[in-house]
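# Structure at a glance
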Amino acid sequence: MKGLICEGTSEDSVRLSDDIELVGDLAPRQVRVEIRAAGVCGSDLSCVRGKYYMPLPLVPGHEAAGVVVETGSAVTYCEVGDHVVLSTFSNCGHCPDCESGNPGNCSVSMGALRQPYREGDQLLYNFAGIGAFAQQTIVDENQCIPIPPEMPLEAAALIGCGVITGTGAVFNRARVQLGDRVVVIGAGGVGLNVIQAARLVGASQIIAIDRVPEKERLAVEFGATDFVLAEGEDFDPVRAVHELAPGGVHHAFEVVGNTELLAAAISMVRPGGNVCAVGVPDLTATVTYPFQALHQNKNLMGIRAGGARPRHDFPLLADLYLRGRLKLDELISHTAGLDGIHDAFAALQTGTEARTVLLPNA
Ligand SMILES: [Zn+2]
Ligand SMILES: [Zn+2]
């Protein structure tokens, strides 16, 4: 089958292979999924640039939806033919963290490395427990969340990362309330989902900040009440926010994965406010901030994938989409085959577009 293989630490080290095979039989609780749609996320670019220190070679891709084609002998949660959104949490499902509703905190399978495919004699790792840039992959039962068959799989794919990461930060972690004021730093694929989730729960002011002027149209369409263009050497994001929201906002979401912007976000929130680290920088990066900026009862939150509870959240997000309350189609700028990966990485860097979705089996 076809798939993309990353062999180095730059996007140029990603190539298309015609010769990938899945390895071995399914374990009792594993599922084989045909990938119908896979979004190209900023984390895929960080991954192939080596910023997550993954072993190589690997198949990137982690934001995906597809169709179940085979189930292990003990699988009960999905069956062959089901349309599923894939979750990056290969959580065990029954440890104290899983049972208390925090599957993202599960230590049993967090960071587990797998090599579900090979090219010739070379075994290949999967990125983020999925490795979606291939025609099929093998995941755990807990990673397959069935959705209604009428939902288009291109839109469904985005739920697995960009949508849950943005909306979950608002719904599950910051718990934005009616009338709250919010700033969102970075209005890309994830930031737009922070914006639309804040609109859904009734935030009164939603300030979007981005360096690309083309982002204003989408940011406003998704619910931003103010758009700030970050341009010029002396641009001060903290002052810009305080001019629009005197006294500061209730919640600041740093979506870019920039440690200086995360530190600045602390000074954007009012006392008692939430500073939400949504974007992921190089995993070894250090954040420094003035002590006094955080002191007045502010909360600095680490957020992994929107604090997701996939079996609860993914069907909820699909339902909101199907009822016309959540925008997903508008997030897709292009679809392409697996050979469109390099154009997709280029588009991510210029930041002028929302998402490219790859269709490995089209
Ligand atoms: Zn667990
Ligand atoms: Zn992602």
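Keep in mind it's a predicted model, so treat the numbers as computed, not measured.

This brings us to the overall build of the protein. Helix and strand counts for the protein come out as 10 helices and 19 strands. Whereas a compact globule of 362 residues would reach a radius of gyration of roughly 21 Å, the protein reaches 20 Å, a difference of no more than 12%. Its C-alpha atoms give the protein principal-axis dimensions of roughly 60 × 40 × 40 Å. Taken across its 362 residues, the protein has 51% of its residues classed as buried.

This part is about the nonpolar core. Counting 111 residues, the largest nonpolar core has L86, V183, V184, V194, I195 and I207 as the members making the most contacts within it. Tallying contributions element by element places helix α3 (residues 153-174) first for this core, with 13 residues. Excluding residues that lie within four positions of it along the chain, V184 makes contacts with G191, V194, I195, I206, A208, F253 and V255.

A few words now on the sheet that holds strand β14 (residues 226-229). The strand order across the open sheet formed by 6 strands is β14-β13-β12-β15-β16-β17, and the pairing between neighbours is parallel. Each having just a single partner strand, β14 and β17 (299-302) make up the two edges of the open sheet. On average, adjacent strands in this sheet sit at an angle of 15° to one another, irrespective of strand direction. Pairing geometry for strand β15 (residues 249-254) and strand β16 (residues 269-277), over 5 bridges, is parallel. Considered in β16, the bridge of E254 is made with A277. This element, helix α4 (residues 191-200), spans β12 (181-185), β13 (205-210) and β15 of the sheet and lies at about 170° to β13.

Okay, the domain arrangement of the protein next. Entries for the protein in the domain assignment read domain 1 (3-146 + 328-358) and domain 2 (166-304). The interface is formed by 13 residues belonging to domain 1 together with 11 residues belonging to domain 2. Counted by class, the side of domain 1 that touches domain 2 contains 5 nonpolar, 5 polar and 3 charged residues.

The next thing to look at is helix α10 (residues 341-350). Along α10, the positions that sit buried rather than exposed are I341, A344, F345 and L348. Buried residues in α10, looked at end-on, bunch into an arc of 100°, giving them a common side. α10 presents A346 and T350 as exposed residues on the side facing more than 90 degrees away from its buried surface. Taken together, the buried residues of α10 touch β1 (3-6), β2 (14-17), α1 (42-48), β18 (332-336) and β19 (355-358). Two residues or fewer after α10 comes G351, characterised by a positive phi angle close to 70°.

Thresholds, definitions, all that
Residues numbered from 1 in each chain as written. Chains lettered and ligands numbered in written order. Predicted model: local features only at pLDDT ≥ 70, side-chain atom pairs only at ≥ 80, totals over all residues. Helix = DSSP H or I, 4+ residues; strand = E, 2+ residues; numbered from the N terminus. Rg over C-alpha atoms; globule rule 2.2 N^0.38 Å. Buried ≥ 20, exposed ≤ 12 C-beta atoms within 10 Å, placed from the backbone. Core = buried A, V, L, I, M, F, W, Y, C linked by C-beta atoms within 7 Å. Contact = placed C-beta atoms within 7 Å. Pairing = 2+ DSSP bridges. Axes fitted to C-alpha atoms, helices over the stretch in contact; angles between N-to-C directions. Domains from an automatic or database assignment. Nonpolar A, V, L, I, M, F, W, Y, C, P; charged D, E, K, R; others polar. Arc of directions from axis to C-beta.

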